[in-house]
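Per-entry structural report
One letter stands for each residue in the lines below.
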Amino acid sequence: MEVTLLGTGDTTGTPTVGCDCDTCERARDPDAELREQLRERGVDPTDGVERSRFSVHLRNEETGEVLLIDASPDFRTQFRREDVALPDAAVITHVHFDHLDGLGNAYRLLDHLPVHAADETDAQTGESVAETVRDQYDYLDTVSVHPKSPYEPFSAAGFEVTLVPVEHPPLVCYGLRVEEPATGAVLSISGDTCYEVPDRSREVLTGADLALVEGIVHPGACEFHPEGGAHHDDEGVPRTFGTKHMTLPGARDFADDVAADDYRIMHTAHYVPPERAFADDIAVDGERFSL
Ligand SMILES: [Zn+2]
Ligand SMILES: [Zn+2]
Ligand SMILES: [Zn+2]
């Protein structure tokens, strides 16, 4: 399985448009140390650090098919930049803008895009993720929606995929396990979630070769959130920011909990101070993994 991180940022991305905070400035114009670090991670530092909106590209080494996890609003830029093949199928984890709004790119670009999404009704919207995707993209003949039940493996682009409910109130959201049958390679993705993921879901996400875990901010940011932090560790460090995202230590603990061979933190916001925002385990766009 070849994994390309197309979009590793949160909903505004880093650098954020119109923001001159120290983290966005360091991303736009990396110092020599950060440039060297990017090169070591296999990322071209010429245009600085990009953390665009969430999307992961998976190429099946056996069949050559491509599965796209979430459709980023930055779809076009991401595919141009990484020069990777267009998707044969997609999975949508939830209906927030930063994970869904790139789906319109299927128009005049793809002959057909099967989109897999969960079939459980969301109390907040009165619809499942699959139904919302169908409603919003009904005008596109190229998009067909395939509702799937959580915890039941299905096949997409030659991979075996299992959706698992996570906690991203008030909306339903799903993490997923993706296995390449020919090689047994496994990728797990937490989805947008707080630290308190149901045990059954954690079990499915356990034992991956690579885990992509969401972690949006450093714990100190919790004091600026109206809901504060939650799910504190033994030292009192919040592993959840507010109610619907993990902190960086929460993401590191989660990666440890699910015993992944390797992990990267995804969906990190520009609020993290510049000296901490580019740690080696916090993903940047363009990182690639062969599992
Ligand atoms: Zn900023
Ligand atoms: Zn979200
Ligand atoms: Zn998001």
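So, a few notes on the structure that sits alongside this text. Position labels on residues start from 1 in each chain and follow its written sequence. Whichever chain is written first becomes A and whichever ligand is written first becomes 1, with later ones labelled in order. Local features in this predicted model are restricted to residues whose pLDDT is 70 or higher, and side-chain atom pairs enter the listing and the counts only when it is 80 or higher, whereas totals over whole chains, interfaces and linings include all residues. With hydrogens and water excluded, all non-hydrogen atoms of the structure serve as input to the side-chain values.

Moving on to the coordination of the zinc ion (ligand 3). For the zinc ion (ligand 3), every protein donor is listed as Asp 98 (OD), His 99 (NE2), Asp 192 (OD) and His 267 (NE2), and the spread of their distances is 2.1 to 2.3 Å. Donors, by definition, are the N, O and S atoms found within 2.8 Å of a metal, the threshold being 3.2 Å for Na, K and Ca, and water is not counted, so a site can look incomplete. Linear spacing of the donor residues for the zinc ion (ligand 3) on their chain is D-H-x92-D-x74-H. Taken as an interatomic distance, the gap from the zinc ion (ligand 3) to the zinc ion (ligand 2) is 3.4 Å; Asp 192 donates to each of them. Remark: Asp 192 occurs in the loop between strand 10 (186-189) and helix 6 (199-205) and His 99 occurs in helix 4 (residues 97-100); sequence separation between them is 93 residues. Judged on exposure class, the residue His 99 and its partner Asp 192 are both buried. Strands here are runs of E lasting at least two residues and helices are runs of H or I lasting at least four, both read from the DSSP assignment and numbered beginning at the N terminus. Remark: exposure states derive from per-residue accessible area (1.4 Å probe, protein chains only) relative to the maximum for the residue type, with buried under 20%, exposed over 50%, and partly exposed in between.

Next up on the list: the nonpolar core. Only buried residues count toward a nonpolar core, which is a set of Ala, Val, Leu, Ile, Met, Phe, Trp, Tyr and Cys residues joined through side-chain atoms within 4.5 Å. Ranked by internal contacts, the top residues of the largest apolar core, which has 52 residues, are Val 56, Leu 58, Leu 67, Leu 103, Val 133 and Val 161. Apart from the residues within four sequence positions on either side, Val 56 is in contact with Val 3, Thr 4, Leu 5, Leu 6, Leu 67, Leu 68, Ile 69, Ile 189, Leu 212 and Met 266. With 26 residues, the next largest nonpolar core counts Val 43, Met 246, Ile 282 and Val 284 among its residues. By definition, residues are in contact when any of their heavy atoms lie within 4.5 Å.

It is worth spelling out the pairing of strand 3 (residues 66-69) at this point. Every regular strand shows the same layout, with side chains that alternate between the two sheet faces. Of the two faces of strand 3, the one lined by Val 66 and Leu 68 and the one lined by Leu 67 and Ile 69 are each fully buried. Any two strands are treated as partners once DSSP identifies two or more bridges connecting them. Here strand 2 (residues 55-59) pairs with strand 3 via four bridges, running antiparallel. Its bridge partner lying in strand 3, His 57 is registered against Leu 68. Counting the residues between successive antiparallel strands, the hairpin from strand 2 to strand 3 contains six residues, one of them, Gly 64, with a positive phi of roughly 80°. Looking at chain direction, strand 3 and strand 4 (residues 89-91) are connected through three bridges and run parallel. Following the sheet pairing, Leu 68 is matched in strand 4 by Ala 90.

Bringing the sheet that holds strand 13 (residues 238-241) into the picture now. The three strands are arranged 12-13-14 in an open sheet whose pairing can be described as antiparallel. In the strand order of this sheet, the two ends are held by strand 12 (229-232) and strand 14 (245-246), each with one partner. Note: strand 13 against strand 14, two bridges, orientation antiparallel. Residue pairing for strand 14: Phe 241 is matched across the bridge by His 245.

Let us look at the pairing of strand 10. Residues Val 186 and Ser 188 of strand 10 are buried on one face, and the alternating residues Leu 187 and Ile 189, pointing to the opposite face, are buried as well. Bridge count for strand 9 (residues 171-179) against strand 10 is four bridges, and the pairing is antiparallel. The residue of strand 10 that forms the bridge with Arg 177 is Ser 188. Here strand 9 folds back onto strand 10 in antiparallel fashion, the turn holding six residues, of which Gly 184 has a positive phi close to 75°. Of the pairings in the sheet, the one linking strand 10 to strand 11 (residues 210-214) comprises three bridges and is parallel in character. Residue pairing in the sheet places Leu 187 in a bridge with Leu 210 of strand 11. Look down the strands so they point away from you; if going from the first strand over the helix to the second traces a clockwise path, that crossover is right-handed. Read as a crossover between parallel neighbours, the route from strand 10 over helix 6 to strand 11 is right-handed.

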